[in-house]
Amino acid sequence: MASATTMTWHEELATLVGDAGVRLPADVSPAAAAVGGGGWYEEEEEGVGKAEEGWAQQAKGFAQSTAEMLRELGLGVWDVAAQSLAGAEDSELAQRLRRPAAAAGKRLSFMNEYLPEDRDPVRCWVVVAAVAFVALLVLGVGSGDDTATPVEQPKKLYISPPNAKRFQLPDGRHLAYEEKGISADRARFSLIAPHSFLSSRLAGIPGISTSLLEEFGARLVTYDLPGFGESDPHPGRNLNSSALDMLHLADALGVVDKFWVVGYSGGGMHAWSALRYIPDRVAGAAMFAPMANPYDSKMTKDEKRKIWDRWSTKRKLMHILARRFPSLLRLFYHRSFLSGKQGQPESWLSLSLGKKDKTLLEAPMFNTFWEKDVAESVRQADAQPFVEEAVMQVSDWGFSLSDIQMQKKEDQGLFELIMSLFSHAEREWVGFLGPIHIWQGMDDRVVPPSSTEFARRMVPGATVHKLLDEGHFSYFCFCDECHRQIFSTLFGTPQGPIDPAPETSEATPETTEETRTTSEDTAEQEQETAGSA
């Protein structure tokens, strides 16, 4: 008992917890260490706190705490909004917005295929829209710093005064055209060429020489599509009206016989329309990388994939806008080729080009032609004709390429039908049965070779000429040897122009004198016969 009374409370506590292995410094009393009034314990705790809780750790902890609070706040606001809108479906405002929202959702539903299957489209597209807005805001802020760097401003387009030949169509519109080669009375062959997108009557076959046309006795006629160049617009135009415009043009220029139609790139759909709607007036077709409708229902998935994979992202976007939101195309057009400034086709038309095409586009002769052709194309400074052209390319043409040449169907009985399955009789075709030649560059990234493969499958009578290492422009534009090969394929050996018919004015007096002499002799014979009687 005596020993127990002499033990302090620290010693009694130590006997209860055992030896922890902690030894106090000699200059620190247990009482001071116990109460924490300075000394070793306080210094150690302060030292440890300073090592673990620096400024960086404190800032990191503050940021994490703030993020957690904002997250909780956002979840709370979302829950409150969800509870508040739980019964809003029956409100008057919701009923008014329900139909427009459903229509907008239906038009945007085609984009849901790009989302993961386990994601809610509404929430995902809200996030996508927010991110896109922030990205555009950042790009806009960043572009403001470029003003300090001196950049050469693009030159303005020079639009020459109007000088085209024009004629009036039956509906009162005027169509501008241009002629090259042999005159109408001596032309052995007549060709009519509708131009492609962002082009004009000045294009035709770029760089073709007059001597080559004269050698083959050919007459090349090009014209401005409605609303392009100096041709009047036609708000209700389609591919049927395009074929009729070609027909009226041929009649107005005295093309009595059949004419050849030339279709290059986007102008190919107008050439196809001539084969479909006026086949009796067309002698043949010369196609050069003709554009097909990328949304054609008869195109296979593999053909569509090969076409879309060759296009740049911006070009894909332009086709999607033309298909879904054509009114937005005006904004892009006014910021590019309708801005009044000069530009390059690769950027204005969102093209991805091969080696030969890039080399050609850098040549001075092509740049001179391009500037003049584009200036004529945008003469009227109206985006509507370009929007109409872009929409027609991706919309229902009113016919399928398979309608140009169709297998002849005959009324057969059951016995004839069974026998035809085992016979090897040749198929009979109806429609346009004249020659169709398609030249396709295998390095073409504007109208990929898959588009021509589709056209060949739809039009069995077409002859495809595959051009290795050629692009979209390199074979058709400014290539004298290529143009000679084309004309030799279409017309054979050059025979020159047709000699005019000999004049009959010199032979008329002689014929009249002989006739008069014969009449006088006959009269004398009749008088002699009457006298003898």
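Heads up: the structure comes first, above all this text.
Residues numbered from 1 in each chain as written. Predicted model: local features only at pLDDT ≥ 70, side-chain atom pairs only at ≥ 80, totals over all residues. Heavy atoms only, no water.

### Topic: the overall build of the protein
Turning to step 1, where the next piece is worked out: Helix and strand counts for the protein stand at 21 helices and 10 strands.
Turning to step 2, where the next piece is worked out: Taken over 533 residues, the protein has a buried fraction of 35%.
Turning to step 3, where the next piece is worked out: Taking the intrachain contacts of the protein between residues at least 6 apart in sequence as the baseline, contacts between residues at least 24 apart amount to 77%.
Turning to step 4, where the next piece is worked out: Of the roughly 32700 Å² that the protein leaves accessible, carbon and sulfur atoms contribute 57%. (Helix = DSSP H or I, 4+ residues; strand = E, 2+ residues; numbered from the N terminus. Buried < 20%, exposed > 50% of the residue type's maximum accessible area, 1.4 Å probe, protein only. Contact = heavy atoms within 4.5 Å. Areas by Shrake-Rupley, 256 points an atom, 1.4 Å probe, with all protein chains shown as cover.)

### As for the pattern of salt bridges
Turning to step 1, where the next piece is worked out: Taken as a whole and assessed by the stated rule, the structure comprises 20 salt bridges.
Turning to step 2, where the next piece is worked out: With a shortest N-O distance of 3.0 Å, Asp-245 and Arg-173 are connected by a salt bridge. Note that Asp-245 is positioned in helix α9 (residues 239–252) and Arg-173 in the loop between β1 (165–168) and β2 (174–181), a separation of 72 residues in sequence.
Turning to step 3, where the next piece is worked out: A salt bridge links Asp-224 to Arg-201; its shortest N-O distance comes to 2.7 Å. With Asp-224 in the loop between β4 (218–223) and α9 and Arg-201 in the loop between β3 (189–194) and α8 (210–216), this pair connects stretches of sequence that are 23 residues apart. Across the pair, exposure class does not vary: Asp-224 and Arg-201 are buried alike.
Turning to step 4, where the next piece is worked out: One connected set of salt bridges, linked through shared partners, spans Arg-201, Asp-224, Glu-230, Glu-376 and Arg-379. (Salt bridge = Lys/Arg side-chain N within 4 Å of Asp/Glu carboxyl O.)

### Section: the pairing of strand β10 (residues 463–467)
Turning to step 1, where the next piece is worked out: Examined bridge by bridge, strand β9 (residues 436–441) and β10 share five bridges and lie parallel to one another. Residue pairing for β10: Ile-438 is matched across the bridge by Val-464.
Turning to step 2, where the next piece is worked out: The parallel pair β9 and β10 is bridged by helix α19 (residues 449–458), and the resulting crossover is right-handed. (Pairing = 2+ DSSP bridges. Right-handed = clockwise from strand over helix to strand, strands pointing away.)

### Points about unusual backbone geometry
Turning to step 1, where the next piece is worked out: Even without a glycine there, the phi angle at Leu-198 is positive, about 55°.
Turning to step 2, where the next piece is worked out: Residue position: Leu-198 is located in the loop between β3 and α8.
Turning to step 3, where the next piece is worked out: One non-glycine residue, Ala-289, lies in positive phi territory at about 45°.
Turning to step 4, where the next piece is worked out: Position of Ala-289 relative to the elements: it lies in the loop between β6 (282–288) and α11 (301–309).

### Considerations on the environment of Glu-453
Turning to step 1, where the next piece is worked out: Relative to the helices and strands, Glu-453 is located in helix α19.
Turning to step 2, where the next piece is worked out: Once the C-alpha coordinates of Glu-453 and Val-464 are considered, the two residues, 11 residues apart in sequence, prove to be 8.7 Å apart.

### Overview of the layout of surface pockets
Turning to step 1, where the next piece is worked out: By volume, the largest pocket amounts to about 760 Å³.
Turning to step 2, where the next piece is worked out: In terms of lining, the largest pocket is formed by 45 residues, of which the most central are Phe-197, Leu-198, Arg-315, Leu-349 and Leu-351.
Turning to step 3, where the next piece is worked out: Listing elements by their share of the lining of the largest pocket, those giving two or more residues are β3, β5 (259–264), α12 (313–324), α13 (329–335), α14 (345–348), α16 (364–377) and α17 (384–394).
Turning to step 4, where the next piece is worked out: Of the residues assigned to the lining of the largest pocket, the class counts are 28 nonpolar, 13 polar and four charged. (1 Å grid on protein atoms, 1.4 Å probe; cavity = no way out; pocket = protein on both sides within 12 Å on 5 of 7 lines; lining within 4 Å. Points joined across faces, edges and corners; volume = space filled by probe spheres on them. Nonpolar A, V, L, I, M, F, W, Y, C, P; charged D, E, K, R; others polar.)

### Brief notes about the environment of Pro-161
Turning to step 1, where the next piece is worked out: Its location among the elements puts Pro-161 in the loop between α7 (121–143) and β1.
Turning to step 2, where the next piece is worked out: For Pro-161, a relative accessible area of 54% gives the class exposed.

### Section: the sheet that holds β10
Turning to step 1, where the next piece is worked out: A sheet is described by the order of its strands in space; here eight strands give the open sequence β1-β2-β4-β3-β5-β6-β9-β10, paired in mixed fashion. Each edge of the open sheet carries a strand with a single partner, namely β1 and β10. Averaged over all pairs of adjacent strands, the angle between their axes in this sheet comes to 25°, without regard to strand direction.
Turning to step 2, where the next piece is worked out: Pairing of β5 with β6 involves six bridges; the strand directions are parallel. Note that in β6 the partner of Tyr-264 across the bridge is Phe-288.
Turning to step 3, where the next piece is worked out: α19 contacts β9 and β10 of the sheet and is inclined by roughly 160° relative to β9. (Axes fitted to C-alpha atoms, helices over the stretch in contact; angles between N-to-C directions.)

### Brief notes about the nonpolar core
Turning to step 1, where the next piece is worked out: Counting residues in each nonpolar core, the largest one holds 104 residues, and the members touching the most others are Leu-198, Trp-272, Leu-275 and Tyr-333.
Turning to step 2, where the next piece is worked out: Tallying contributions element by element places α9 first for this core, with six residues.
Turning to step 3, where the next piece is worked out: In this view, Leu-275 contacts Val-261, Val-282, Ala-285, Met-287, Ile-404, Phe-432 and Ile-436; residues no more than four positions away in its chain are not counted. (Core = buried A, V, L, I, M, F, W, Y, C linked by side-chain atoms within 4.5 Å.)

### Structural notes on a nonpolar patch on the surface
Turning to step 1, where the next piece is worked out: On the surface, a cluster of nonpolar side chains totalling about 300 Å² of accessible area is made up of Leu-70, Leu-73 and Val-77.
Turning to step 2, where the next piece is worked out: Take Leu-73: it is sitting in helix α5 (residues 55–84). (Patch = residues over 30% accessible without salt bridge, like charges linked within 9 Å, V, L, I, M, F, W, Y side chains within 5 Å.)

### A word on the state of the cysteines
What is meant by a disulfide is a covalent connection between two cysteines, made through their sulfur atoms.
Turning to step 1, where the next piece is worked out: Enumeration over the complete set of coordinates arrives at one disulfide.
Turning to step 2, where the next piece is worked out: Here Cys-479 engages in a disulfide with Cys-482; their sulfurs sit 2.1 Å apart. The sign of the S-S torsion, about 60°, decides the handedness of the disulfide formed by Cys-479 and Cys-482: right-handed. Both residues of the pair, Cys-479 and Cys-482, count as buried.
Turning to step 3, where the next piece is worked out: The thiol of Cys-477 is unpaired, and the distance to the nearest cysteine sulfur, on Cys-479, comes to 9.8 Å.
Turning to step 4, where the next piece is worked out: For Cys-477, a relative accessible area of 2% gives the class buried. (Disulfide = S-S within 2.5 Å.)

### Quick look at helix α20 (residues 480–491)
Turning to step 1, where the next piece is worked out: In this model α20 runs 16 Å from its N-terminal to its C-terminal C-alpha over 12 residues, within 8% of the 16 Å that 1.5 Å per residue would give.
Turning to step 2, where the next piece is worked out: Buried within α20 are the following residues: Cys-482, His-483, Ile-486, Phe-487, Leu-490 and Phe-491. Seen end-on, α20 carries its buried residues on one side only, within an arc spanning 140°.
Turning to step 3, where the next piece is worked out: Considering only its buried residues, α20 is in contact with β3, α8, β4, β5, β6 and β9.
Turning to step 4, where the next piece is worked out: Backbone geometry just downstream of α20 places Gly-492 in the positive-phi region, at approximately 75°. (Expected span 1.5 Å × (residues − 1). Arc of directions from axis to C-beta.)

### So, the packing of aromatic side chains
Turning to step 1, where the next piece is worked out: Within the structure shown, the criterion is met by 25 aromatic pairs.
Turning to step 2, where the next piece is worked out: Here the aromatic rings of Tyr-264 and Phe-476 are separated by 4.2 Å at their centres, their planes lie at 15°, and the arrangement is stacked. A residue pair is termed long-range when its members are at least 10 positions apart, and Tyr-264 in strand β5 and Phe-476 in the loop between β10 and α20 qualify at 212 residues. With respect to class, Tyr-264 is no different from Phe-476; both count as buried.
Turning to step 3, where the next piece is worked out: With a centroid separation of 5.0 Å and 15° between ring planes, the pair formed by Phe-288 and Trp-439 is classed as stacked. Of the two residues, Phe-288 is situated in strand β6 and Trp-439 in strand β9; the sequence distance between them amounts to 151 residues. For the pair Phe-288 and Trp-439, a shared accessibility class is recorded, and that class is buried.
Turning to step 4, where the next piece is worked out: Within the aromatic cluster, the residues linked to one another by ring pairs are Phe-197, Phe-228, Tyr-333, Phe-337, Trp-348, Trp-370 and Phe-386. (Phe/Tyr/Trp six-rings, centres within 6.5 Å; stacked < 30°, edge-to-face > 60°.)

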